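Residues per chain, in single letters:
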Amino acid sequence: LEGCYLGANANFIKFLKLHSAEELIGKTDFQLISQHEAQAIYENDQKVLKEGKCLSFEEIITDDQGVESVYLSQKSLLYDRENILAGIICTSLE
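Since the structure is predicted, the reported quantities are computational estimates derived from the model, not experimental observations. (Residues numbered from 1 in each chain as written. Predicted model: local features only at pLDDT ≥ 70, side-chain atom pairs only at ≥ 80, totals over all residues. Heavy atoms only, no water.)

*Asks:* So what exactly am I meant to see when it comes to the overall build of the protein chain here?
*Replies:* Helix and strand counts for the protein chain come out as two helices and three strands. If you list the helices and strands of the protein chain from N to C, you get α-α-β-β-β. The globule rule puts the C-alpha radius of gyration for 94 residues at 12 Å, and the 13 Å found for the protein chain is close to it. Along the three orthogonal principal directions, the C-alpha set of the protein chain runs to about 40 × 25 × 20 Å. (Helix = DSSP H or I, 4+ residues; strand = E, 2+ residues; numbered from the N terminus. Rg over C-alpha atoms; globule rule 2.2 N^0.38 Å.)

In structure tokens, the structure reads:
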């Protein structure tokens, strides 16, 4: 629960201009996008952890060309097979 990626779908990997999910695993938003945008996403993640339920947010990410995209992100807690909190799972629509 350190804000590190455990995986991602192909569209997000492509958006980040990475070659594979392995390049993403272990990184945080602060290593991938602007500090301002990463901070906003981090704060949303903290709200999900605090409230312990599925929440929706509008999140903004600017690509490497300066194009801003607005996403509706739905985030919820992710548990492992032993029912131990493993992270947050997110689905986003542009």
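*Asks:* Is there a simple way to think about the nonpolar core in this case?
*Replies:* Counting residues in hydrophobic clusters, the biggest one holds 10 residues: Tyr 5, Ile 13, Leu 16, Leu 18, Leu 24, Ile 33, Ala 38, Ile 41, Ile 61 and Tyr 71. Among all residues touching Leu 24, those that are not within four sequence positions of it are Tyr 5, Gly 7, Ala 8, Phe 12, Ile 13, Leu 16, Leu 18 and Leu 32. (Core = buried A, V, L, I, M, F, W, Y, C linked by side-chain atoms within 4.5 Å. Buried < 20%, exposed > 50% of the residue type's maximum accessible area, 1.4 Å probe, protein only. Contact = heavy atoms within 4.5 Å.)

*Asks:* Can you help me understand unusual backbone geometry in this one?
*Replies:* Glycine aside, residues mostly have negative phi, and peptide bonds are mostly found in the trans state. Even without being a glycine, Lys 17 presents a positive backbone phi close to 65 degrees. With respect to the helices and strands, the residue Lys 17 is situated in the loop between α1 (10-15) and α2 (35-51).

*Asks:* Would you take a moment to explain the environment of Tyr 71 for this structure?
*Replies:* Among the structural elements, Tyr 71 can be located in strand β2 (residues 68-79). Considered as a pair, Tyr 71 and Ile 61 are 10 residues apart in the sequence and their alpha carbons are 7.9 Å apart. Not counting residues within four places of it along the chain, the set of residues in contact with Tyr 71 comprises Phe 15, Phe 57, Glu 58, Glu 59, Ile 61, Ser 92, Leu 93 and Glu 94.

*Asks:* Whenever I open this one, α2 confuses me. Can you help?
*Replies:* Because each turn of an α-helix spans 3.6 residues, side chains separated by three or four positions in sequence point in the same direction. If you check α2, its first and last C-alpha atoms are 24 Å apart, about what 17 residues at 1.5 Å a residue would give, namely 24 Å. Looking at α2, one finds that the buried residues are Glu 37, Ala 38, Ile 41, Asn 44, Asp 45 and Val 48. One side of α2 holds all its buried residues, which, seen down the axis, span an arc of 125 degrees. More than 90 degrees from the buried face of α2, the exposed residues found are His 36 and Lys 50. Where α2 is buried, its residues meet β1 (55-62), β2 and β3 (85-93). The positive-phi residue at the C-terminal boundary of α2 is Gly 52, with phi of around 65 degrees. (Expected span 1.5 Å × (residues − 1). Arc of directions from axis to C-beta.)

*Asks:* Please explain a nonpolar patch on the surface as it appears in this structure.
*Replies:* On the surface, a nonpolar cluster with roughly 260 Å² of combined accessible area is contributed by Leu 6, Leu 78 and Ile 89. When its relative accessible area of 43% is taken as the criterion, Ile 89 is described as partly exposed. (Patch = residues over 30% accessible without salt bridge, like charges linked within 9 Å, V, L, I, M, F, W, Y side chains within 5 Å. Areas by Shrake-Rupley, 256 points an atom, 1.4 Å probe, with all protein chains shown as cover. Salt bridge = Lys/Arg side-chain N within 4 Å of Asp/Glu carboxyl O.)

*Asks:* Help me understand the side chain of Glu 59, please; the structure alone is not making it clear to me.
*Replies:* Along the chain, Glu 59 turns up in strand β1. With relative accessibility at 6%, the residue Glu 59 sits in the buried group. A polar contact of 3.0 Å, which involves the side chain of Glu 59, links it to the side chain of Asn 44. In contact with Glu 59, other than residues within four places in its own chain, are Ile 41, Asn 44, Ser 69, Val 70, Tyr 71, Ser 73 and Lys 75. (Polar contact = N/O pair within 3.5 Å; in protein donor to acceptor, adjacent residues only side chain to side chain.)

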